[in-house]
Amino acid sequence: MSSFTVSIVDTVTFEGQKPGTSGLRKAAKIFQQEHYTENFIQAIFEAVGDNLFGSTLVVGGDGRYYGRDVIEKIIKIAAANGISKLLVGQNGIFSTPAVSTVIRKYKTIGGIVLTASHNPGGPNGDFGIKFNCENGGPASDSITNKIYDITKTLKKYKIVPELSVDIDKIQCVTVQVDGKPFTIDVIDSVNDYINLMKEIFDFSSIKKLLQGNDEHLPFKILINSMNGVTGPYVKQIFGKELSVSDSNLVNSTPKEDFGGLHPDPNLTYAADFVNDVKTGLYDFGAAFDGDGDRNMIIGKKAFFVNPSDSLAVLAANLNVIPYFQKVGVKGYARSMPTGAAVDRVAKSTNIECFEVPTGWKYFGNLMDAGLISLCGEESFGTGSNHIREKDGIWTSLAWLNIIASHRKSIEEILLNHWCTYGRNFFTRYDYENCDIDAANKMMKYVEELMKESDFVGRKFTSHNKTYIIKEADNYSYKDPIDGSVASKQGLRILFEDSSRIIFRLSGTGSAGATIRLYIESYEADSSTYLRDPQTVLKPLVDISLELSKLGEFTGRNEPTVIT
Ligand code: G6P
Ligand code: ZN
């Protein structure tokens, strides 16, 4: 057995190593600075503290540029910090949901996910490092704050410079580090995840749907992995298990720069995919982001399923999915800006529904406490208590399982849903890469406005529609399990008819500030259900832009992305 010794390296501290909504995310070039990445990894390990000694950790990422180098660094630094074993995905690949699966299955102390999610990759793109805890979910604010505090004073890190392992080969290697064994187990990146999916869903009924029979035509699907990490998972699940032809599984080889794509499955960045489905050739389309936790679902001719509706439809139909038949359905949850369609399903079935701040980490405690089974966000994320991350492939299989059971098109399922519950029209406007000062000034301006004594009760009229303000605040959340408080989570303006306007600054961007404007309005008149949300919500959009002076502050007349 080879033996190695630990070196202690004097380092310089870096400013700004503060994890955002989902880990530390910066330009790859920033991570490539000497000591920058090493410092952050050392800080993660110090934040975990004594529990680290003798523990096992999962490591892998979305295959983006610089990931392999960072895995090499993690191996060397983990070995030096007393960790006993690393479970590394072959070729350094693990989707975010797969990391969560592996942490939970092997009961490890946590994992490190190397991804900047849906942000572009490559030498000029972004990179990211996220720490997940033993429940398989993103670390809580208290841990990420601790990591950040440590980075501010870090003077040294520990490393085993000579240690290197071939991660392209499935193998289990044990070496001695200062006399103690350290194991690197390179495992198949997809097996554990696929086994979990097969336990959850009815693969044989999905297969029958896809293949068709005397009564039904084959149900044609198009799956687009956007050159991200889901490719190998999609090839196994859809290609091998469900016999979908290769030509229907596109962009399914992970690329370091996502082939130049912006791997964010929304109507703007996945426009080519939407156009492919618009042709009418497919009954169903699903696209996933770089690390595989986000999804976009569209029906025939690209009938768009808003993520807030997706969550509500899943909630209303969980009973057809074998996993939920077995474990039952507890509560639901959504992030604050997410459309409240799911609340209506919860109400009608007498199931509790929670509202949390933006960020998947806020669902973790509720799931661990057994309070929720399903949750989702407007930002193209849905998932369940099978793991502690949102899960793109899971969502597409859930939809297919539901379609297989009802034998209805996506459009029919949505229309039925709205006819039962009414429709929460929802849209989000993103103003990306704004000047940071300008964005902060605008937020401050709106917040001050909200504090004016006569703000509540104020009336706004636009396009013959009048809205009266019922409540306004900067959203704050107290976790019902551990009592921790997350404040300043977005400016909410709530109207008497339950319409909402929300202003929030993104926590995942890496350049400038991204302002998000979320607009929601409820309609119970069935003649409106098939109307374009942009038309229905136009009055509220205009009111928001006027009220916030967004254009004046930022110089932006149009959003970068509309959902
Ligand atoms: C990531 C997180 C999500 C969150 C989203 C919001 O995808 O995993 O839980 O909803 O970021 O991002 P934002 O840019 O709005 O802060
Ligand atoms: Zn992601």
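Since the structure is predicted, the reported quantities are computational estimates derived from the model, not experimental observations.

Caption draft 1: Up close: the sheet that holds strand S25 (residues 500–505). Strand order in the open sheet formed by 7 strands is S20-S21-S24-S25-S26-S19-S27, and the pairing between neighbours is antiparallel. In this open sheet, the two edge strands, each paired with only one partner strand, are strand S20 (459–462) and strand S27 (561–562). As paired elements, strand S21 (residues 465–474) and strand S24 (residues 491–495) share 5 bridges and run antiparallel to each other. Paired with Ile-469 across the bridge in S24 is Phe-495.

Caption draft 2: View of empty space enclosed by the protein. Enumeration over the complete set of coordinates arrives at 4 cavities of 30 Å³ or more. Estimates place the volume of the largest cavity at around 280 Å³. Around the largest cavity, the lining comprises 27 residues; the ones closest to its centre are Thr-21, Arg-294, Ser-379, Lys-390 and Thr-508. When the residues that make up the lining of the largest cavity are grouped by side-chain class, the tally is 3 nonpolar, 11 polar and 13 charged. One number sums up the size of the second largest cavity: a volume of about 90 Å³.

Caption draft 3: Expanded view of the environment of Phe-503. Tracing the chain through its elements places Phe-503 in strand S25. Sequence-wise, Phe-503 and Gly-370 are 133 residues apart; in three dimensions their C-alpha atoms are separated by 31 Å. In contact with Phe-503, not counting residues within four places along its chain, are Met-442, Met-443, Val-446, Gly-490, Leu-491, Ile-493, Arg-516, Leu-517, Ser-544, Leu-547 and Ser-548.

Caption draft 4: Broad picture of the coordination of the zinc ion (ligand 2). Here the zinc ion (ligand 2) is held by Ser-117 (OG), Asp-289 (OD), Asp-291 (OD) and Asp-293 (OD), and the distances to it run 2.0 to 2.1 Å. Taken together, the 4 donor atoms coordinating the zinc ion (ligand 2) span angles of 86 to 164 degrees at the metal, a pattern that classifies the geometry as irregular. Counting along the primary sequence, the residues that act as donors to the zinc ion (ligand 2) give the motif S-x171-D-x1-D-x1-D. Highlighted residues: Ser-117 in the loop between strand S6 (110–114) and strand S7 (126–132) and Asp-291 in the loop between strand S13 (284–288) and strand S14 (295–299), separated in sequence by 174 residues. Taken individually, Ser-117 and Asp-291 each receive the classification buried, so the pair is uniform in this respect.

Reading the values: the criteria
Residues numbered from 1 in each chain as written. Chains lettered and ligands numbered in written order. Predicted model: local features only at pLDDT ≥ 70, side-chain atom pairs only at ≥ 80, totals over all residues. Heavy atoms only, no water. Pairing = 2+ DSSP bridges. Helix = DSSP H or I, 4+ residues; strand = E, 2+ residues; numbered from the N terminus. 1 Å grid on protein atoms, 1.4 Å probe; cavity = no way out; pocket = protein on both sides within 12 Å on 5 of 7 lines; lining within 4 Å. Points joined across faces, edges and corners; volume = space filled by probe spheres on them. Nonpolar A, V, L, I, M, F, W, Y, C, P; charged D, E, K, R; others polar. Contact = heavy atoms within 4.5 Å. Donors = N, O, S within 2.8 Å, 3.2 Å for Na, K, Ca; no water. Tetrahedral: all angles 85-135°; square planar, octahedral: opposite > 155°, others 65-115°. Buried < 20%, exposed > 50% of the residue type's maximum accessible area, 1.4 Å probe, protein only.

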